[in-house]
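Coordinates in review
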Amino acid sequence: MALRGTNQEFGRPYNRRIVLESVRLHGPTTRGEIAERVGLTVQTVSTIVRELEEQKYLVSLREEPKGRGLPPSTLRINPDGGFAVGVHVTPIGVNAALIDLSGDVVGSLHHTIANASPAAAFEIIGEMVPELIKRKPEGRMLGVGMALPGPFGVESMSFVGPTTMTGWENVAIRERLAELTGLPAFLETDMAAAALGEQLYGLGKRFSEYYYLYFGVGLGGAMVHEGRVMRGAWGNAGEIGHIPVVPGGEACPCGNRGCLERYFSLDALRRAKASEADWFKSVAPIFRNAITTIENLFDPETVVLGGLASASLLDRMAREATDLPNSISARRGREAPRVVVAHGGEHSVLRGAAALAVSGVLSPRFGRMFTGERERDILDGKEIAA
Ligand SMILES: [Zn+2]
């Protein structure tokens, strides 16, 4: 667990989130174990835990005695302590799910619609959110988080072309989402939301340094560094889809030629009009070079494959990645394979989007799930949760 608490006074809300995350990743766990993991005193952790118990975010259980002496009480997340809605708008449809505090999907909805306009998407979302909330009428609703294809804030790439949401520029997305639902609202690129969902509820238990390759309609990804999603100066780090791989290759809506996602993405698969197997055979060398590039850039423990692709396609990619070109990751004695399939499954984006809301509400201002400080201003035009 790489996240550490801070003993400075202003860090209290931050510590609250760090403690909650430690329980989420390692629970059931004891106060002493948490203190050791996050670098705070047992007393500080106990104070925070008491507060989180009073607010019903954590529950404490006394284990069955195994030998002499009273066993310590262990803490775990109270799944019913709060709920958040995750929304994912893609060029092929709108997905939404109600997620409980332990990250489990209480219910999910899907609406197929190609290239939804903001008006159409918000109408669908406006119907989906109350429908989902009805599944837990007594539940405490913490907020709603929304994920969209990135990158954000780049004129030539954002909301341009078939792998993005065309016509969504200059829309006050977060404000409209808050108005529509009456809940605190949060916004993120889908590649970062997926990486966050994976970190919290998937392979985060096993790895803390990895690149999450997001295979969506387009291709994106994010580096998870010390258990946090690395976002760069403007929140778009890891946007691998527009790395040029074929000089003079296919024209890309971004203005360049030969961008990776022109060859390797669900959009590329759709354009190829071939079976999954035949298509993958033709692009496998490009995929393998992409993995090698990622490895040489980030030196990750592994590369995690996830996103909207079918489980069979992700499995096929992982299988084909057994004989990769040389890179700094081709070290002897490594334990993890160089490429693994995500554990978070199809709901990773929605769980990550919902987690934004949970974090933002539980520790506003210090609730950032990401490295880097500036990006919120860029996404929203102002501080997200002052
Ligand atoms: Zn491009």
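Residues numbered from 1 in each chain as written. Predicted model: local features only at pLDDT ≥ 70, side-chain atom pairs only at ≥ 80, totals over all residues. Heavy atoms only, no water.

Focus on the coordination of the zinc ion
The condition is simple: Ligating atoms shown are N, O and S within 2.8 Å of the metal, or 3.2 Å for Na, K and Ca, and water is not included, meaning a site may look less than complete. Square planar and octahedral assignments, for four and six donors respectively, both demand that opposite donors be over 155 degrees apart and that all other angles lie between 65 and 115; tetrahedral needs four donors with all angles between 85 and 135 degrees, and anything else is irregular.
Taken together, His-242 (ND1), Cys-252 (SG), Cys-254 (SG) and Cys-259 (SG) make up the protein donors of the zinc ion, found 2.1 to 2.4 Å from the metal. What the 4 donor atoms of the zinc ion show is an angle range of 106 to 118° at the metal, which sorts the shape as tetrahedral.

Regarding the side chain of Thr-90
Cut-off, in case you're wondering: By definition, any uninterrupted DSSP run of H or I lasting at least four residues is a helix, any uninterrupted run of E lasting at least two residues is a strand, and each is numbered from the N terminus. Exposure is judged per residue with a 1.4 Å probe applied to protein chains only, and the accessible area is read against the type maximum: over 50% gives exposed, under 20% gives buried, and values in between give partly exposed. Pairs of residues are marked as contacts when any of their non-hydrogen atoms sit within 4.5 Å.
For Thr-90, the position within the fold is in strand S3 (residues 83-90). When its relative accessible area of 4% is taken as the criterion, Thr-90 is described as buried. Apart from residues no more than four positions distant in its own chain, Thr-90 is found in contact with Met-165 and Leu-308.

Some details on the pattern of salt bridges
What counts is decided by this rule: For this document, the term salt bridge refers to a Lys or Arg side-chain nitrogen within 4 Å of an Asp or Glu carboxyl oxygen.
For the structure shown, the criterion picks out 12 salt bridges. The salt bridge involving Glu-51 is made with Arg-16; its shortest N-O contact spans 3.4 Å. Placement of the pair is Glu-51 in helix H3 (residues 42-54) and Arg-16 in helix H1 (residues 12-26), with a sequence separation of 35 residues. Each of the salt bridges in this network shares a partner with another, and the network as a whole consists of Glu-250, Arg-262, Asp-267, Arg-270 and Arg-271.

Notes on the domain arrangement of the chain
Interface size is often expressed as the accessible area that is lost when the parts come together. We apply this condition: Either an automatic procedure or a domain database provided the assignment from which the domain bounds are taken. In this description, buried area is defined as the sum, over both parts, of the accessible area (probe of 1.4 Å) that is lost when the two are combined. We call two N or O atoms a polar contact when they sit within 3.5 Å, provided that within protein one can donate a hydrogen and the other can accept it, with sequence-adjacent residues counted only if both atoms are side-chain atoms. Polar here means any residue other than Ala, Val, Leu, Ile, Met, Phe, Trp, Tyr, Cys and Pro, which are nonpolar, and Asp, Glu, Lys and Arg, which are charged; Gly is therefore polar.
Segmenting the chain into domains produces domain 1 (9-77), domain 2 (82-193 + 348-379) and domain 3 (204-345). In this structure, domain 2 and domain 3 have C-alpha centres spaced 23 Å apart. Contacts between the two partners involve 30 residues from domain 2 and, on the opposite side, 26 residues from domain 3. For the pairing of domain 2 and domain 3, the buried interface totals around 2400 Å² over both sides, and the portion due to carbon and sulfur atoms is 58%. Across the pair Glu-188 and Arg-231 runs a salt bridge whose closest N-O atoms are separated by 2.7 Å. The interface formed by domain 2 and domain 3 includes 3 residue pairs in polar contact (both at pLDDT 80 or more). Secondary-structure elements contributing two or more residues to the side of domain 2 that touches domain 3 are S3, strand S7 (185-189), helix H6 (190-201), helix H11 (348-362), strand S13 (370-371) and helix H12 (375-380). Partitioned by chemical class, the residues of the side of domain 2 that touches domain 3 number 15 nonpolar, 9 polar and 6 charged.

As for unusual backbone geometry
Residue Gly-27 is joined to Pro-28 through a cis peptide bond whose omega torsion reads -5°. Topologically, Pro-28 is positioned in the loop between H1 and helix H2 (31-38). Backbone torsion omega between Gly-150 and Pro-151 reads -10°, so that peptide bond is classified as cis. Examined against the element boundaries, Pro-151 turns out to sit in the loop between strand S6 (141-148) and helix H5 (173-181). The backbone of Phe-159 shows a phi angle near 55°, a positive value even though the residue is not glycine. The phi angle at Asn-170 is positive, at roughly 60°, despite the residue not being glycine. Within the element layout of this structure, Asn-170 appears in the loop between S6 and H5.

Some points on the packing of H2 against H3
Applicable threshold: Axis definition: a line fitted to C-alpha atoms, limited for helices to the stretch in contact. Angles are taken between N-to-C directions and run from 0 to 180 degrees. Should the near helix be turned anticlockwise from the far one by less than a right angle, the crossing is termed left-handed; should it be turned clockwise, right-handed.
Relative orientation of the contacting elements H2 and H3 amounts to 115°, with a least axis distance of 9 Å. By crossing handedness, the relation of H2 to H3 is classed as right-handed. Counting all contacts with H2, which are made through Arg-31, Gly-32, Ile-34 and Ala-35, the residues of H3 involved are Val-42, Val-45, Ser-46, Val-49 and Glu-53. When its residues are assigned to classes, the contact of H2 with H3 shows 5 nonpolar, 2 polar and 2 charged.

Examining the sheet that holds S3
Rules: The pairing criterion is simple: DSSP has to find at least two bridges between the two strands.
Spatially, S5-S4-S3-S6-S7 is the arrangement adopted by the 5 strands of the open sheet, whose pairing is mixed. In this open sheet, the two edge strands, each paired with only one partner strand, are strand S5 (105-112) and S7. Strand-to-strand twist of the sheet, defined as the mean angle between neighbouring strand axes without regard to direction, takes the value 15°. Sheet strands touched by H5: S6 and S7. Its angle to S7, the strand with the most contacts, is close to 140°. Most of the contacts of H6 go to S7, to which it runs at about 100°, and overall it touches S3, S6 and S7.

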